Amino acid sequence: MAHLLIVEARFYDHLNDLLVQGARAAIKAAGHTHETLTVPGALEVPAAIALADQSERFDAYVALGVVIRGETYHFEIVAGESARGIMALTIDGLAIGNGILTVENEAQALTRARPDEKDKGGEAAKAALALLDLRERMAR
Ligand SMILES: Nc1c(NC[C@H](O)[C@H](O)[C@H](O)CO)[nH]c(=O)[nH]c1=O
Ligand SMILES: CC(=O)[C@@H](O)COP(=O)(O)O
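Residues numbered from 1 in each chain as written. Chains lettered and ligands numbered in written order. Predicted model: local features only at pLDDT ≥ 70, side-chain atom pairs only at ≥ 80, totals over all residues. Heavy atoms only, no water.

Describing the nonpolar core
Then comes step 1: Of all hydrophobic cores here, the largest spans 25 residues; its most connected members are Leu4, Val62, Leu64, Val66 and Leu101.
Then comes step 2: The set of elements that each furnish at least two residues to this core consists of strand E1 (3–9), helix H1 (13–29), strand E3 (60–68), strand E4 (96–103), helix H4 (106–113) and helix H5 (120–138).
Then comes step 3: With 7 residues, the single largest contributor to this core is H1.
Then comes step 4: Those residues in contact with valine 62 that lie beyond four places of it in its chain are Leu4, Leu5, Ile6, Val7, Ala23, Ile27, Gly97, Gly121, Ala124, Ala125 and Ala128.
Then comes step 5: Counting 21 residues, the second largest nonpolar core, distinct from the first, contains Ala9, Ala63, Phe75 and Leu89. (Core = buried A, V, L, I, M, F, W, Y, C linked by side-chain atoms within 4.5 Å. Buried < 20%, exposed > 50% of the residue type's maximum accessible area, 1.4 Å probe, protein only. Helix = DSSP H or I, 4+ residues; strand = E, 2+ residues; numbered from the N terminus. Contact = heavy atoms within 4.5 Å.)

Spelled out as structure tokens, the structure:
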């Protein structure tokens, strides 16, 4: 049984609730356990995962959040840099599923966050478990 950490960037409560619901359902359905850590925004997620990994308590990580484009270039920074930081950790060997939505509007986010629609939270959890399985197979 694996123990995962959900790291959620809680910028939009109602959207995160849906993403976390989907991720938790996927983790439970696969027979694993988890904890949840909340950070202010997507830019804090890579650092939070890196810090959590120093504890050696977690086998895999699920990054969740929602980045909705506003009026300025900040969307590119938040969306791009959070993804880049997560990808760097993943390439460094951490099993991370990235469920941080980067969308144009709330309607796009809702469709993707809802577990009974695109369930991107559940998909991110499954991706983390797939990477964990791959890492364990490669270590044999
Ligand atoms: N605009 C969004 C943000 N912005 C906040 C940053 O992620 C970060 O917390 C801040 O710059 C302080 O370092 N975060 C999201 O997750 N979603 C957004 O739409
Ligand atoms: C993704 C963002 O950072 C965005 O919510 C910020 O909005 P704005 O670009 O209008 O300041």
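Some points on the packing of aromatic side chains
Pairs of aromatic rings are described using the distance from one ring centre to the other and the angle between the two planes.
Then comes step 1: Applying the stated criterion to the full structure yields 2 aromatic pairs.
Then comes step 2: Between phenylalanine 11 and tyrosine 12 the ring centres are 5.2 Å apart and the planes differ by 70 degrees, which places this aromatic pair in the edge-to-face class. (Phe/Tyr/Trp six-rings, centres within 6.5 Å; stacked < 30°, edge-to-face > 60°.)

A closer look at the site of ligand 1
Then comes step 1: Lining the immediate environment of ligand 1, one finds Phe11, Tyr12, Gly41, Ala42, Leu43, Glu44, Val66, Val67, Ile68, His74 and Val78.
Then comes step 2: In the environment of ligand 1, an oxygen atom lies 2.6 Å from a nitrogen or oxygen atom belonging to the side chain of glutamate 44.
Then comes step 3: In the environment of ligand 1, a nitrogen atom lies 2.8 Å from a nitrogen or oxygen atom belonging to the backbone of valine 66.
Then comes step 4: Compared with its free state, where it exposes 440 Å², ligand 1 has 74% of that area covered by protein. (Near = heavy atom within 4 Å. Polar contact = N/O pair within 3.5 Å; in protein donor to acceptor, adjacent residues only side chain to side chain. Areas by Shrake-Rupley, 256 points an atom, 1.4 Å probe, with all protein chains shown as cover.)

Observations regarding the site of ligand 2
Then comes step 1: Close to ligand 2 lie Val67, Ile68, Gly70, Glu71, Thr72, His74, Phe75 and Val78, which account for all nearby residues.
Then comes step 2: Between ligand 2 and histidine 74 there is a distance of 2.7 Å, counted from an oxygen atom to a side-chain nitrogen or oxygen.
Then comes step 3: A total of 330 Å² of accessible area belongs to ligand 2 in isolation, and the protein chains cover 72% of it.
Then comes step 4: At the level of secondary structure, the elements contributing two or more residues to the shell around ligand 2 comprise E3 and helix H3 (74–91).
Then comes step 5: Split into classes, the residues belonging to the shell around ligand 2 amount to 4 nonpolar, 3 polar and 1 charged. (Nonpolar A, V, L, I, M, F, W, Y, C, P; charged D, E, K, R; others polar.)

Focus: the packing of H1 against H5
Describing two packed helices takes the angle between their axes plus the distance from one axis to the other.
Then comes step 1: Two elements in contact, H1 and H5, have axes whose closest approach is 6 Å; the angle formed by their N-to-C orientations is 40 degrees. With respect to each other, H1 and H5 are oriented oblique. Crossing geometry of H1 relative to H5 is assigned as right-handed. Listed contacts from H5 to Leu19, Gly22, Ala23, Ala26 and Ile27 of H1 are Lys120, Gly121, Gly122, Ala125 and Lys126.
Then comes step 2: Of the residues assigned to the contact of H1 with H5, the class counts are 5 nonpolar, 3 polar and 2 charged. (Axes fitted to C-alpha atoms, helices over the stretch in contact; angles between N-to-C directions. Parallel < 35°, antiparallel > 145°, perpendicular 65-115°, else oblique. Left-handed = near helix turned anticlockwise from the far one by under 90°.)

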